[in-house]
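Fold and contact review
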Amino acid sequence: MGACAQTQPSQQTDLSIATYRPTPNALAIAERRAKQYWVKHRNEIHGGTRYLAIESDTIPSADIPDLYYRLTHSPGVNGSDVEQYRVNEDIDIFCINIFDTRTGRLVSPQGYAVVDEPDPGSVARFGKYVALFIGTEG
């Protein structure tokens, strides 16, 4: 009868669990990829899209202070991730940086640590930014 719907976090749900500053090299690569993506896709993307979210780095679990607390108190983290961390004390964490399509630059060297990335091409909230997530594309 009905299809099983997969729930996506709303644009109001902040997916970040912390801030993180990747290496200068990772930032340069992320900015280059975001620029390439924007040049290639700008005509296909809705004109209201100002920010692109790009994965710039992976983050070791040990680099996020109070990780278990952050995982259990973040609305953008699902329960299976919390359980995986509790059992293994390790979890995949990604740094997402925000690219401003108007300036053609990353908004800051500071990125957002996330556990659950949205699907590429979807819009999500990272900190104060609502951005089109492009993953590692470039």
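Numbering of residues starts from 1 in every chain and runs along the sequence as written. Thresholds applied to this predicted model are a pLDDT of at least 70 for local features of residues and 80 or more for the giving and counting of side-chain atom pairs; totals over whole chains, interfaces and linings are not thresholded and use all residues. Where side-chain values are given, they derive from all heavy atoms of the structure, hydrogens and water being excluded.

1. Some thoughts on the overall build of the chain
Check the secondary structure of the chain and you find three helices and seven strands. Each helix is a run of H or I in the DSSP string that is no shorter than four residues. Each strand is a run of E no shorter than two, and both are numbered from the N terminus. Listing each helix as α and each strand as β along the chain from the N terminus yields β-α-β-α-α-β-β-β-β-β. Each residue's exposure class comes from its accessible area (1.4 Å probe, protein chains only) as a fraction of the maximum for that residue type: buried when under 20%, exposed when over 50%, partly exposed otherwise. Within the chain, buried positions represent 45% of all 138 residues. For the accessible areas, the method is Shrake-Rupley and the probe is 1.4 Å, while residue cover comes only from the protein chains on display. Of the roughly 8,000 Å² that the chain leaves accessible, carbon and sulfur atoms contribute 47%.

2. A short note on the pattern of salt bridges
When charged atoms on two side chains of opposite charge get close, those side chains can pair. Salt bridge, as applied in this entry: a Lys or Arg side-chain nitrogen positioned within 4 Å of an Asp or Glu carboxyl oxygen. Counting across every chain of the model gives two salt bridges. The closest approach of N and O atoms between glutamate 31 and lysine 35, which form a salt bridge, is 3.8 Å. Of this pair, glutamate 31 and lysine 35 are both found in helix 1 (residues 24–41), four residues apart, which corresponds to roughly one turn of the helix. Classification of lysine 35 by relative accessible area gives partly exposed; the value is 36%. Among the ionic pairs, aspartate 100 bridges to arginine 50, the shortest N-O distance being 2.8 Å. Note that aspartate 100 is positioned in strand 3 (residues 93–100) and arginine 50 in the loop between helix 1 and strand 2 (51–59), a separation of 50 residues in sequence.

3. Some points on unusual backbone geometry
The phi dihedral of aspartate 66 falls on the positive side, at around 55°, and the residue is not glycine. Position of aspartate 66 among the secondary structure elements: in the loop between strand 2 and helix 2 (67–72).

4. Thoughts on the pairing of strand 6 (residues 123–126)
Here a strand pair is declared whenever DSSP counts at least two bridges between the two strands. Of the strand pairs in this sheet, strand 6 and strand 7 (residues 129–135) are connected by four bridges, and their pairing is antiparallel. Counterpart to arginine 125 in the pairing with strand 7 is valine 130. Counting the residues that bridge the hairpin from strand 6 to strand 7 gives two residues, and of these glycine 127 lies at a positive phi of roughly 60°.

5. A closer look at the confidence of the model for the chain
Confidence of the predictor at the level of single residues is captured by pLDDT, which takes values from 0 to 100. Per-residue confidence for the chain gives a mean pLDDT of 86, with 89% of residues at or over 70. At the low end of the mean pLDDT range in the chain sits helix 3 (residues 79–88), at 71; at the high end sits strand 4 (residues 105–106), at 98. Below a pLDDT of 50 lies the segment residues 1–8, which in the model reaches one contact outside its immediate sequence neighbourhood of four places, other chains included. Two residues qualify as a contact provided that any one of their heavy atoms is within 4.5 Å of a heavy atom in the partner residue.

6. Focus on the environment of serine 74
Looking at the element boundaries, serine 74 is found in the loop between helix 2 and helix 3. Those residues within four positions of serine 74 in sequence are excluded, and the remaining contacts are Asp14, Ser16 and Ile17.

7. Section: the packing of aromatic side chains
In this analysis, rings of Phe, Tyr and Trp, with Trp reduced to its six-membered ring, are considered paired at centre separations within 6.5 Å, and the interplanar angle assigns stacked below 30 degrees, edge-to-face beyond 60, and tilted for intermediate values. With the rule as written, the count across this model stands at two aromatic pairs. With 4.9 Å between their ring centres and 70° between their planes, tyrosine 51 and tyrosine 129 make a pair best called edge-to-face. Of this pair, tyrosine 51 sits in strand 2 while tyrosine 129 is found in strand 7, placing the two residues 78 residues apart along the sequence. For the pair tyrosine 51 and tyrosine 129, one class covers both residues: buried.

8. Concerning the pairing of strand 1 (residues 16–20)
Summarising burial for strand 1: four of the five residues are buried, a large majority. Here strand 1 runs beside strand 5 (residues 111–114); their pairing, made up of four bridges, is antiparallel. What sits directly across from alanine 18, in strand 5, is alanine 113.

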